[in-house]
Each structure stands twice: as structure tokens, then as C-alpha cells.
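# Structure assessment
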Amino acid sequence: MEKTIYLDNNATTRVDDTVAGEMLKYFTEEYGNPSSLYSIGAKARTVVEDARKRVAVLLNCEPRDVFFTGSGTESDNLAIKGVARRYKNKGTHIITTAIEHHAVLKSVEQLSKEGFTYDIARVGEDGIVDIEHLKSLIKPDTILISVMYANNETGAIQPIEEIGKIAKERGIYFHTDAVQGAGKLSLNVKELNVDLLSLSGHKFHAPKGVGILYKRTGINPTPLLSGGHQELAVRPSTENVPYIAGIASALEIAYRDIEVHREKQSALKKRLKAGLLKNIDKVVVNTPEKSVFNTLNVSFVGIEGESILFTLDSFGIAVSTGSACTSGSLEPSHVIMAMGRDHTTCHGSVRFSLSKYTTEEEIDYTIERVRETVEKIRKISPYK
Ligand SMILES: Cc1ncc(COP(=O)(O)O)c(C=O)c1O
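It should be emphasised that the depicted structure is a prediction, and the values quoted were computed from it without experimental measurement.

## Remarks on the pairing of strand β6 (residues 173–177)
A large share of β6 lies buried, amounting to five of its five residues. A crossover links strand β5 (residues 142–146) with its parallel partner β6, the connecting element being helix α6 (residues 160–169), and its sense is right-handed.

Structure below.
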């Protein structure tokens, strides 16, 4: 096969052609600054405000509660640091989980250097947060709970509605990193009981470098940046008009066709899982039943995930061994470790993440190449 078989869509996705096409005119024709008062500026303002309304419809919130940012990482930082710093007079304790993205974990760590304290809720063997443990961590001075919606490595869906309810009953702000839920799960913020929610465009066929932060009306996070009045001064910076138009379109496209994607990708994921389990020995499935429809994480016991990654790459197949940020280092995944797997299982984990562009032919080719690869590596491996 000539072209890349791209099975790393939790790392990033190909930009949708319609989205790319729509964005183009905002680079070369309608390139005004939304803050400018003349017509070309006013036009750009309309594009941004229209995008905000379109996103608000999908999130079931007020347009004024949608903020455009530069990434999922920025949205997470703004939500967590912004809320903690603004409301520190109400309390200084934060709760998050062992499987969060580093954008969340490092934000909380940073806050701990500013006088905040935090606790980490554990997950079960299925990678789903242990609600009873999380509840037991709540203290009178807990101000913020941050739990991701779907895990980027295993795809495990977290019980957000339930945790949101617990937080609401106790007057604690609740943030979810929904970066891996977009286009796969409902983003209705009212039903999810969330106060703040982060999204990243490049996970749903918009470009890299644009994110969204939803925050409930009345919550006023302290900005990360000092500057102008853009985005109600919550996120000062001249608005990235093409990318804002792009992220709104991509989100609409993702939800317009969600049932089609769910059906097709669930079937492909099932085919991949069955194919790997049937053809290869000692495979541990790290993705629970309750998971997003595009993600399958498995461990090939006794083999380094990286050696599989590089061999598959030579066949033109792109997969990952952990989150995009940790791949490249041989540190075992903190997510798989948190699920209580032993070291060898952690090291052998490989993530396959599909998209609307994945085909059955690509899945069948991948199963065969993985089978060959695992067989070859196991033959020469000292750990048999
Ligand atoms: C769950 C999760 N949160 C946050 C991020 C960061 O998003 P971005 O790459 O837009 O900074 C990622 C990206 O890998 C992610 O998977």
C-alpha cells in the first residue's frame, strides 16, 4: 500500500476538505481584524460571532459562554488555573484523576506551587474513575474537580454526568477535558452537569492550534494572558478568524454525521479487536466496553510497543504507544500504569485510533501486518 494507513487519530486528524475550503477565504480575502471598525473588520467580527453561536448550539449553552483558545492544552490551563486562582478565597483544594492528560496534571502541579493542594482519584482495572474514591477525597475546601470525558489512550468513557452531579450538590466547580469526546459523545453541557469543558480542533478534523473553552455563565476564570479585550478579556489575543471558522464547521460536520461515524467505526474497531485476538497470542485489551467508538488499546505481552510502532511504520501504518506527548520517550504510559497493569504489559501497549477516513481494507491489512510483526519480534525477544 502506498499511502499511510493513519490509525493515530487520537494524536491528530486530517483536516476535513470542506473545513479547509471554508477557511481559505479568511486568509486571503476576508482577512480583517474583528476589532477593526471598518467593513472588512466588521465582517471578520461576524464570522467569529457566528462561529460562537454555531458552537453554542452544539454545546446547548449561551454563545457568550463559548471562548476560542489556541489549543486543548490552553483550554485546560485556562479552566483549571483560571478557576483556582479566581476562587481561591472559597477554597484551595483540587481533585483530578490518575489518567488525565498532562495539560491537566501539570496545571494542577503548577497550582500546588502556588499554595493549592490536590488529590488524585484512582481508576479501576477498566481505566474508569473510581467514583467512591473520588467522593472520599472531597474536603470542605475543595473548589474544583477535573475529570476527563474520554481517555486519549484507552478511549474509556468517564462517568461525567454522575461526577458533575456530585460536584454540583457540594458547590464545587467541575471541569471536563472533553478533547477526546468531541465528535464521538454528546457535548450537551447541561446534561453533562459540567461548569467548564475543553475541546481541541485538531482531534475532529479542524486544524491544529485552535481550541474551545466552555464556561458556565457567572464563572469568571482569571485570564492566563494579559492583553486586550478580545474574548471578553478572558483570552486576550487577536482572534484567529480562519481557525475559529474552521473549528465551528468541523464540529458541526462531526455531529451532523455522528450516527454514520459511530456505526462504521464501531464495526471497524470490533473487526480489528477480533482480528488481533484471533491471530495473536497473549494480547491484553486495555480498552473497556464503555469506550469511544474509534479507540482500541491493546498490549502485546513481552514486546515493547515502540518496536511494533517502528515496524508498522515501515509498512506505512501509523499507530501510537501512548499519548502524543509521551510517545518518543520510553516511559511507560501513566494511564495504563494507573489501571494496575504490570510493567511489561504497559510497555507493550499500542493504541489504534480510527477516523471517518478509515476503511475495512486498511483494518485487514493492519491486522495481518501486526500479526507478522509480533511474531517476528517475539522470535528474537529474550522475554518469551
Ligand atoms: C485528552 C487530551 N487533552 C488535551 C490535549 C491537548 O490538546 P492540544 O493538542 O490541542 O493542546 C490532548 C491532545 O493530545 C488530549 O488528548
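Read on for the rest.
## A few points about the nonpolar core
Ranked by size, the top nonpolar core spans 64 residues in total, and within it L59, F68, I145, L187, L197, L199 and L251 carry the most contacts. Examining the composition of this core, we find that 10 residues originate from one element, helix α8 (residues 241–256), more than from any other. Setting aside its immediate chain neighbours within four residues, F68 contacts V48, A51, R52, V55, G211, I212, E231, R235, I244 and I247.

## What about the packing of helix α3 (residues 72–86) against helix α4 (residues 102–112)?
Running from N to C, α3 and α4 cross one another at 30°; their axes reach a closest spacing of 9 Å. Relative to α4, α3 is oriented roughly parallel. The way α3 lies across α4 gives a crossing that is right-handed. Here α3 contributes T73, D76, N77, I80, K81, A84 and R85 to the contact with α4, which in turn contributes A103, V104, S107, V108, Q110 and L111. Looking at the contact of α3 with α4 residue by residue, the class counts come to six nonpolar, four polar and three charged.

## Let's talk about the domain arrangement of the chain
Frequently, the measure chosen for interface size is the accessible area removed from exposure when the parts meet. What the domain assignment lists for the chain is domain 1 (5–13 + 258–380) and domain 2 (17–256). Put simply, the middle of domain 1 and the middle of domain 2, counted by C-alpha atoms, are 28 Å apart. Contacts between the two partners involve 32 residues from domain 1 and, on the opposite side, 34 residues from domain 2. With both sides pooled, the region where domain 1 packs onto domain 2 buries about 2,700 Å², and carbon together with sulfur makes up 53% of that total. Area buried by domain 1 at its contact with domain 2 is led by T13, I258 and V292, which between them contribute 22% of it. At the junction of domain 1 with domain 2, the criterion picks out 18 residue pairs in polar contact (both at pLDDT 80 or more). Broken down by secondary-structure element, the contributors of at least two residues to the side of domain 1 that touches domain 2 are α9 (258–279), β10 (295–300) and α11 (334–338). Residue composition of the side of domain 1 that touches domain 2, grouped by class: 11 nonpolar, 16 polar and five charged.

## A short note on the site of the ligand
If you check the shell around the ligand, you find 13 residues, and the closest are T73, D177, Q180, S200 and K203. Within the backbone of G72, an N or O atom sits 2.8 Å from an oxygen atom of the ligand. Take S200: an N or O atom from its side chain is 2.6 Å from an oxygen atom of the ligand. When isolated, the ligand has an accessible area of 390 Å², and the protein chains bury 91% of it. Per-element tally for the shell around the ligand: the top contributor is α3, with three residues. Its residues assigned to classes, the shell around the ligand comprises two nonpolar, eight polar and three charged.

## Looking at the side chain of N297
Checked against the element boundaries, N297 lands in strand β10. A polar side-chain atom of N297 sits 2.9 Å from the main-chain carbonyl oxygen of E153. Non-local contacts of N297, meaning those with residues more than four positions away in its chain, are made with E153, T154, V284, V285, N286, T287, I336, S349, V350 and R351.

## Quick look at the environment of A182
The topology assignment puts A182 in the loop between β6 and α7 (189–192). The exposure class of A182 is buried, given its relative accessible area of 3%. Spatially, the C-alpha atoms of A182 and A254 are 8.0 Å apart, while their sequence positions differ by 72 residues. Residues within four places of A182 in sequence aside, it is in contact with L187, L199, F204, L251 and Y255.

## Quick look at the packing of aromatic side chains
Scanning all chains against the criterion turns up two aromatic pairs. A ring pair is formed by F27 and Y243, whose centres lie 6.4 Å apart and whose planes are at 85°; its orientation type is edge-to-face. Pair noted here: F27 is in helix α1 (residues 17–28) and Y243 is in helix α8, with a separation of 216 residues, a long-range link. Over the face of the ring belonging to Y357 we find R14, whose NZ or CZ atom lies 4.7 Å from the ring centre. Note that R369 overlies the ring of F315, its terminal NZ or CZ placed 5.2 Å from the centroid.

What counts and what doesn't
- Residues numbered from 1 in each chain as written.
- Predicted model: local features only at pLDDT ≥ 70, side-chain atom pairs only at ≥ 80, totals over all residues.
- Heavy atoms only, no water.
- Buried < 20%, exposed > 50% of the residue type's maximum accessible area, 1.4 Å probe, protein only.
- Helix = DSSP H or I, 4+ residues; strand = E, 2+ residues; numbered from the N terminus.
- Right-handed = clockwise from strand over helix to strand, strands pointing away.
- Core = buried A, V, L, I, M, F, W, Y, C linked by side-chain atoms within 4.5 Å.
- Contact = heavy atoms within 4.5 Å.
- Axes fitted to C-alpha atoms, helices over the stretch in contact; angles between N-to-C directions.
- Parallel < 35°, antiparallel > 145°, perpendicular 65-115°, else oblique.
- Left-handed = near helix turned anticlockwise from the far one by under 90°.
- Nonpolar A, V, L, I, M, F, W, Y, C, P; charged D, E, K, R; others polar.
- Domains from an automatic or database assignment.
- Buried area = accessible area lost by both parts, 1.4 Å probe.
- Polar contact = N/O pair within 3.5 Å; in protein donor to acceptor, adjacent residues only side chain to side chain.
- Near = heavy atom within 4 Å.
- Areas by Shrake-Rupley, 256 points an atom, 1.4 Å probe, with all protein chains shown as cover.
- Phe/Tyr/Trp six-rings, centres within 6.5 Å; stacked < 30°, edge-to-face > 60°.
- Lys NZ or Arg CZ within 6 Å of the ring centre and 35° of its normal.

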